[in-house]
Amino acid sequence: MASTVSVVEEVEDYSFLPIIHDIIKCMDKDSPDVHQELNKLKTKIQEAREQISAMPGIDMSPALQESKLRTLREQVRTKNQLLQKYKSLCMFDIPKPS
Amino acid sequence: MAAAEKPTKEKLLSTLDDIEVLSRELIEMLALSRTQKLPQPGEDTEILDLLVQRDKEFQELMQTAVEQGKVHQEMQALEKEVEKRDSDIQQLQKQLKEAEHILATAVYQAKEKLKSIEKARKGSISSEEIIKYAHRISASNAVCAPLNWVPGDPRRPYPTDLEMRSGILGNMSNMSTNGVNGHLPGDALAAGRLPGRFTLFSSWLSLSCKYCDILTPQYPWQSADVSMGILPPHHGNDFGLEPPGHNKENEDDVEAMSTDSSSSSSDSD
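With an unreviewed UniProt entry as reference, chain B is termed Mediator of RNA polymerase II transcription subunit 4, source organism Labeo rohita. Here is the UniProt Subunit (unreviewed entry) comment for chain B, exactly as written: "Component of the Mediator complex." Quoted verbatim from the Sequence similarities (unreviewed entry) field of UniProt, the annotation for chain B is "Belongs to the Mediator complex subunit 4 family."

In the annotation of an unreviewed UniProt entry, chain A is listed under the name Mediator of RNA polymerase II transcription subunit 9 and assigned to Labeo rohita. As stated in UniProt under Subunit (unreviewed entry), the record for chain A gives "Component of the Mediator complex." Among the UniProt annotations of chain A, the heading Sequence similarities (unreviewed entry) holds the following wording: "Belongs to the Mediator complex subunit 9 family."

In structure tokens, the structure reads:
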């Protein structure tokens with residue numbers, strides 16, 4: 001439940017419609033807060049840009065990322081198998097020089 | 001195959017730009033419509049619809065970006081694991097290489113040893129023969145002076161000039177002259193023994209080539225003690241008739257040592 005709430009909150013955070021709605025309301029009322037709301041919108045857009053630039057892993061499409069993930073998993077599996085095979089292959093111990 | 005999909009970041013920034021432009025247009029349009037009081041048939045609605053659509057897209061893209069971030073974390077963990085496995089494989093490779101080098105060296109050395117063994121086996125000499133020759137050499141007083149040797153004794157650890165001339169080689173070279181060298185007393189008596197002596201000397205020569213260490217030129221009697229002069233000097237002549245050190249006792253020892261009947265020096269020529 002808490003995770004669902006946080007997901008909903010995240011979704012709402014990314015929406016610009018509430019701010020635009022506030023701006024239109026202020027314009028209708030001829031409120032002096034119009035400029036403040038406009039600044040809020042500009043700030044939010046700027047922050048969104050900065051957040052997008054800082055987010056990791058979005059330099060590729062989801063499909064490409066999924067493909068790379070599968071490749072990495074396969075690599076790990078193969079290397080584990082190889083190591084297991086070579087470690088079990090050694091039937092004798094190399095004596096240490098006395 | 002579909003064209004390469006655009007990266008999520010590019011889509012997000014593009015959508016954000018669209019939202020910015022649309023929101024600005026909408027606000028400007030509303031502001032103009034309020035001041036100019038001109039009807040804008042459906043245009044503002046159209047912009048509004050677009051804005052809502054873009055906002056929805058933006059939210060979906062942001063959700064995708066968050067999930068991609070989590071996948072990216074998993075990929076980073078997998079990459080670290082791949083690096084660790086790579087270093088393990090490299091370590092194992094180094095160890096295998098070292099083992100291969102050690103084994104190759106051991107095999108090479110073993111092969112060399114086998115070659116030496118085979119070579120030694122091919123050129124092996126019977127220990128009995130070596131002991132027999134050693135006994136002959138020592139019996140001829142070649143390594144140590146006889147106990148009764150005194151300074152002045154003509155005996156030497158090697159065949160002397162006179163003895164060589166009395167031997168087969170000396171007789172062969174003097175065949176035409178017919179016994180000019182008759183200065184040796186008891187020549188006829190010595191003749192019977194000299195061939196044997198020559199054989200002994202030739203075997204001594206051949207053995208000296210092989211075992212140089214035995215026949216070192218350190219004759220102890222060259223600096224013999226004067227006090228050793230006990231025997232009268234004429235004993236040296238008596239001993240000169242017989243091969244040096246080739247007395248009956250040593251001969252018996254030689255015969256006893258050897259099991260081969262053909263090894264007797266007096267019979268061989």
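## Remarks on the overall build of chain B
Scanning chain B for helices and strands turns up eight helices and zero strands. When the elements of chain B are put in sequence order from the N terminus, they spell out α-α-α-α-α-α-α-α. Among the 269 residues that make up chain B, the fraction classed as buried is 27%. When contacts within chain B are restricted to residue pairs at least 6 apart in sequence, those whose partners lie at least 24 apart make up 79%. When the accessible area of chain B is evaluated, it comes to approximately 18200 Å², of which 57% is carbon and sulfur surface.

## Points about the confidence of the model for chain A
Residue and element names in this part refer to chain A. Of the residues in chain A, 80% have a pLDDT of 70 or more, and the chain-wide mean is 83. Averaged pLDDT values over the elements of chain A bottom out at 48 in helix α1 (residues 2-13) and peak at 93 in helix α3 (residues 34-54). Residue range residues 1-12 is modelled with pLDDT below 50. Its contacts to residues more than four positions away, or to other chains, number five contacts.

## Here's the deal with the side chain of B:Thr15
Here B:Thr15 lies in helix α1 (residues 8-36). The contact partners of B:Thr15, leaving out residues within four places of it in the chain, are B:Arg54, B:Glu57, B:Phe58 and B:Leu61.

## Details of helix α4 (residues 62-89) of chain A
For an α-helix the count is 3.6 residues per turn, leaving residues at separations of three or four pointing the same way. The first and last C-alpha atoms of α4(A) sit 41 Å apart over 28 residues, in line with the 40 Å expected at 1.5 Å per residue. Those residues of α4(A) not exposed but buried are A:Gln65, A:Leu69, A:Leu72, A:Val76, A:Lys79 and A:Leu83. As for α4(A), its buried residues are in contact with α2 (43-122) of chain B.

## Points about the environment of B:Pro146
One can find B:Pro146 in the loop between α3 (127-139) and α4 (161-166). The sequence separation of B:Pro146 and B:Pro157 amounts to eleven residues, and the corresponding C-alpha distance is 9.7 Å.

## So, the packing of α3(A) against α1(B)
For the pair α3(A) and α1(B), interaxial distance at closest approach is 10 Å and the crossing angle is 170°. In terms of orientation, α3(A) lies roughly antiparallel with respect to α1(B). Residues A:Leu38, A:Leu41, A:Ile45, A:Ala48, A:Arg49, A:Ile52 and A:Ser53 of α3(A) touch α1(B), and the partners they reach there are B:Lys9, B:Leu12, B:Leu13, B:Leu16, B:Asp17, B:Glu20, B:Ser23 and B:Ile27. Partitioning the contact of α3(A) with α1(B) into residue classes produces nine nonpolar, two polar and four charged.

## A look at the packing of α1(B) against α2(B)
Residue and element names in this part refer to chain B. Packing of α1 against α2 brings their axes to within 9 Å, and their N-to-C directions diverge by 155°. What the angle tells us is that α1 and α2 run roughly antiparallel. For the element pair α1 and α2, the recorded crossing hand is left-handed. Looking at the contact of α1 with α2 residue by residue, the classes come out as 14 nonpolar, four polar and eight charged.

## Here's the deal with unusual backbone geometry
Among all residues except glycine, the phi angle is most often negative; among peptide bonds, the trans geometry is most common. Backbone geometry places A:Asp30, a non-glycine residue, at a positive phi of 50°. In this fold, A:Asp30 is placed in the loop between α2 (17-29) and α3.

## Digging into α3(B)
All names here are of chain B. In this model, α3 (13 residues) spans 18 Å end to end at C-alpha, consistent with the 18 Å of a helix rising 1.5 Å per residue. Here α3 has its buried residues at Lys132, Arg136, Ile137 and Ala139. Along the axis of α3, the buried positions cluster into a sector of 170°, meaning they face one direction only.

## Some details on the interface of chain A and chain B
Each partner contributes to the interface: chain A provides 44 residues, whereas chain B provides 45 residues. In total, chain A and chain B occlude about 4200 Å² of area from one another, counting both sides; carbon and sulfur atoms represent 73% of this. The interface formed by chain A and chain B includes five salt bridges. A:Lys79 serves as the salt-bridge partner of B:Asp86, at 2.6 Å between the closest nitrogen and oxygen. Across the contact surface, chain A and chain B share 14 residue pairs in polar contact (both at pLDDT 80 or more). Every element with two or more residues in the side of chain A that touches chain B is listed here: α1, α2, α3 and α4 of chain A. The greatest single-element share of the side of chain A that touches chain B, amounting to 14 residues, is contributed by α4(A). Split by residue class, the side of chain A that touches chain B holds 28 nonpolar, eight polar and eight charged.

Conventions and cut-offs
- Residues numbered from 1 in each chain as written.
- Chains lettered and ligands numbered in written order.
- Predicted model: local features only at pLDDT ≥ 70, side-chain atom pairs only at ≥ 80, totals over all residues.
- Heavy atoms only, no water.
- UniProt positions renumbered as here; feature names shortened; annotations may be inferred.
- Helix = DSSP H or I, 4+ residues; strand = E, 2+ residues; numbered from the N terminus.
- Buried < 20%, exposed > 50% of the residue type's maximum accessible area, 1.4 Å probe, protein only.
- Contact = heavy atoms within 4.5 Å.
- Areas by Shrake-Rupley, 256 points an atom, 1.4 Å probe, with all protein chains shown as cover.
- pLDDT = per-residue confidence, 0-100.
- Expected span 1.5 Å × (residues − 1).
- Axes fitted to C-alpha atoms, helices over the stretch in contact; angles between N-to-C directions.
- Parallel < 35°, antiparallel > 145°, perpendicular 65-115°, else oblique.
- Nonpolar A, V, L, I, M, F, W, Y, C, P; charged D, E, K, R; others polar.
- Left-handed = near helix turned anticlockwise from the far one by under 90°.
- Arc of directions from axis to C-beta.
- Buried area = accessible area lost by both parts, 1.4 Å probe.
- Salt bridge = Lys/Arg side-chain N within 4 Å of Asp/Glu carboxyl O.
- Polar contact = N/O pair within 3.5 Å; in protein donor to acceptor, adjacent residues only side chain to side chain.

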